[in-house]
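Read off the chains here:
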Amino acid sequence: MRTPRLDRDRQQWIYDYVVKETGRVFHWDEEGREMPASIKSHGQISKHLGRIGQRFERVAAEAEAAGHAATAFELYYRASATFAAAQHPVLETSDEKRYLHGRCIANYEKVAALAPYPLERVEIPFEGVELQCMFHMVPGKPKAPTVIFIPGCDMTKEMYPDPQVNHAIDRGMNLLVMDGPGQGMSNIRGIKLTADNYERSVLAVVDWLEKRPEVDADKITVFSQSMGSHWGLGVAAFGDPRIKANVGVWASYLDKYFILDTFSPRYKQLFGYLTGAKSEEELDKIVSQMNVAGKEAGITAPTLLTAGEYDARSPVELVYDFYDGIKAPKELWVYEDTYHQTV
């Protein structure tokens, strides 16, 4: 049973209706359905997406057995990403959660085996536990620049990038994608999110990367998306000179009131799980500390931010205030008439 019980749970009936009508659990400003028409409520998402993932998995195995490696590669990735999306709405570490997440991992193992470049699942020590990450490496290029990608709170490390279109590899850069505290494998292992442990975990990743022969330790950067931009800019505010640049897209680094109390009910329910909070009061105390505003002076590396003009999660006037406080070299791209998913 999901805990804690929250005031926003009272909106579940209308939320289920919106899911049925729009095929979306958030980003209702975007066009088109994301969920199949068979999904009539939020509770059905994991079951129905899980079945789609199983179909992708079966067809991928058939393609591989027939010697169609390129087709199998594509379909194993689609299976893995679909299972990742299926496990996400399960907001407790149940048998269902473990099964769906396990199929995500198993299919991604096939992706790694078929990838056109070295793709390694790695375990990085962090404060007495291990964080599981995916390390995408430029083939035949030792000492390459390396990007740390911090996913959003709806993502796992298997969802990005599509290994068929890896923009970092195409540009001669390694890419390490994290399952930080509260994400993916960390949830299965019980590594919960606190107000500041994700930021520390990124520095543990930097420590690890510095020891890898594939990495140019003088060219490590951070690229973060959505809620990941909160953690990425939080790390930037530490001023660690080993991180040479920061990019934060789909702004989500300011007051969490907007995402948790004015946006989709899914987010407050999700953060209850990610943090392991036992009550709404405990959850509110944790998230009240999750705001990068006021830490701008600590950002010393060149920084690029993007925001949507009408992003409900991060009012653009607050983004402007935050940006004005950054003294490092900086750029802000505001996309006109755009919401959260800036391109």
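Here the structure is shown first, and the text comes after it.
Residues numbered from 1 in each chain as written. Predicted model: local features only at pLDDT ≥ 70, side-chain atom pairs only at ≥ 80, totals over all residues. Heavy atoms only, no water.

(A) How the structure looks around the overall build of the chain. Within the chain, the regular secondary structure consists of 12 helices and eight strands. A compact globule built from 343 residues should have a C-alpha radius of gyration of about 20 Å, and the chain, at 20 Å, falls within 12% of that. Its C-alpha atoms give the chain principal-axis dimensions of roughly 55 × 55 × 40 Å. In the chain, buried positions account for 56% of the 343 residues. Excluding contacts between residues fewer than 6 apart, the proportion of contacts in the chain whose partners are at least 24 apart in sequence is 72%. Here the chain displays about 14500 Å² of accessible surface, and carbon together with sulfur accounts for 54% of that area. (Helix = DSSP H or I, 4+ residues; strand = E, 2+ residues; numbered from the N terminus. Rg over C-alpha atoms; globule rule 2.2 N^0.38 Å. Buried < 20%, exposed > 50% of the residue type's maximum accessible area, 1.4 Å probe, protein only. Contact = heavy atoms within 4.5 Å. Areas by Shrake-Rupley, 256 points an atom, 1.4 Å probe, with all protein chains shown as cover.)

(B) Here's a closer look at the sheet that holds strand β5 (residues 215-225). Pairing within the open sheet is mixed, and its eight strands lie in the order β1-β2-β4-β3-β5-β6-β7-β8. At either margin of the open sheet sits one strand with a lone partner, and together these are β1 (119-126) and β8 (330-335). Within the sheet, the average angular offset between the axes of one strand and its neighbour, ignoring direction, is 20°. Across the sheet, helix α4 (residues 95-114) touches β1 and β2 (129-136), and the angle it forms with β1 is around 125°. Contacting β1, β2, β3 (144-150), β4 (174-178), β5 and β6 (243-249), helix α7 (residues 197-210) crosses the sheet at an angle of about 120° to β1. (Pairing = 2+ DSSP bridges. Axes fitted to C-alpha atoms, helices over the stretch in contact; angles between N-to-C directions.)

(C) Focus on the nonpolar core. In terms of nonpolar packing, the biggest core is built from 59 residues, with Ile 148, Leu 176, Met 178, Leu 209, Phe 271 and Met 290 touching the most fellow members. When residues of this core are assigned to their parent elements, the largest contribution, eight residues, is made by α7. (Core = buried A, V, L, I, M, F, W, Y, C linked by side-chain atoms within 4.5 Å.)

(D) Looking closely at the side chain of Asn 107. By the secondary structure assignment, Asn 107 is in helix α4. Polar side-chain contacts of Asn 107 include one of 2.8 Å to the backbone oxygen of Arg 103. (Polar contact = N/O pair within 3.5 Å; in protein donor to acceptor, adjacent residues only side chain to side chain.)

(E) Inspection of the pairing of β6 at higher detail. Relative to β6, β5 runs parallel, the two sharing five bridges. By the bridge assignment, Phe 223 is partnered in β6 with Val 247. Following the chain from β5 across helix α8 (residues 227-236) to the adjacent parallel β6, one finds a crossover that is right-handed. Examined bridge by bridge, β6 and strand β7 (residues 303-308) share three bridges and lie parallel to one another. (Right-handed = clockwise from strand over helix to strand, strands pointing away.)

(F) Focus on the side chain of Asp 9. Its location among the elements puts Asp 9 in the segment before α1 (12-22). For Asp 9, the side chain forms a polar contact with the side chain of Gln 269, separated by 3.0 Å. Ignoring anything within four residues of it in the chain, the contact list for Asp 9 reads Arg 2, Pro 4 and Gln 269.

(G) Quick peek at the environment of Gly 248. Take Gly 248: it is sitting in strand β6. Classification of Gly 248 by relative accessible area gives buried; the value is 0%. Residues Gly 248 and Asp 154, spaced 94 residues apart in sequence, show a C-alpha to C-alpha distance of 16 Å. Discounting chain neighbours no more than four positions away, the residues touching Gly 248 are Ser 224, Ser 229, Leu 304, Leu 305 and Thr 306.

(H) Structural context of the pairing of β8. Relative to β8, β7 is paired through six bridges, and the arrangement is parallel. Within β8, the residue paired with Leu 305 across the bridge is Leu 332. Following the chain from β7 across helix α12 (residues 316-325) to the adjacent parallel β8, one finds a crossover that is right-handed.

(I) Fine view of the packing of helix α2 (residues 45-65) against helix α3 (residues 69-87). With their axes 8 Å apart at the nearest point, α2 and α3 run at an angle of 165° to one another. Taken together, the axes of α2 and α3 lie roughly antiparallel to each other. Like other packed secondary-structure pairs, α2 and α3 cross with a definite hand, here left-handed. Residues belonging to the contact of α2 with α3 are distributed by class as follows: 14 nonpolar, six polar and three charged. (Parallel < 35°, antiparallel > 145°, perpendicular 65-115°, else oblique. Left-handed = near helix turned anticlockwise from the far one by under 90°. Nonpolar A, V, L, I, M, F, W, Y, C, P; charged D, E, K, R; others polar.)

(J) Region of interest: the packing of helix α10 (residues 266-275) against helix α11 (residues 280-287). Two numbers describe how α10 lies on α11: the axes approach to 10 Å, and their chain directions differ by 85°. By the angle class used here, α10 and α11 are roughly perpendicular. Counted together, Lys 268, Phe 271, Gly 272 and Thr 275 of α10 and Glu 280, Leu 283, Asp 284, Ile 286 and Val 287 of α11 form the full contact between these two elements. Of the residues belonging to the contact of α10 with α11, the class tally is four nonpolar, two polar and three charged.

(K) Fine view of the packing of aromatic side chains. In the structure shown here, the tally under the stated rule is 12 aromatic pairs. Considering the side-chain rings of Phe 149 and Tyr 160, the 4.4 Å spacing of their centres and the 40° angle between planes classify their relative orientation as tilted. One end of the pair, Phe 149, is in strand β3; the other, Tyr 160, is in the loop between β3 and α5 (167-170), and 11 residues separate them in sequence. The class of Phe 149 is buried, set by a relative accessible area of 0%. (Phe/Tyr/Trp six-rings, centres within 6.5 Å; stacked < 30°, edge-to-face > 60°.)

(L) Structural view of a positive patch on the surface. On the surface, Lys 47, Arg 51, Arg 55 and Arg 58 cluster together to form a positively charged patch. In this structure, Arg 58 sits in helix α2. With relative accessibility at 48%, the residue Arg 58 sits in the partly exposed group. (Patch = residues over 30% accessible without salt bridge, like charges linked within 9 Å, V, L, I, M, F, W, Y side chains within 5 Å. Salt bridge = Lys/Arg side-chain N within 4 Å of Asp/Glu carboxyl O. Lys, Arg positive; Asp, Glu negative; His and termini not counted. Charge placed at Lys NZ, Arg CZ, Asp CG, Glu CD.)

(M) Summary view of the environment of Tyr 17. Residue placement: Tyr 17 occurs in helix α1. With 23 residues separating them along the chain, Tyr 17 and Lys 40 place their C-alpha atoms 7.4 Å apart.

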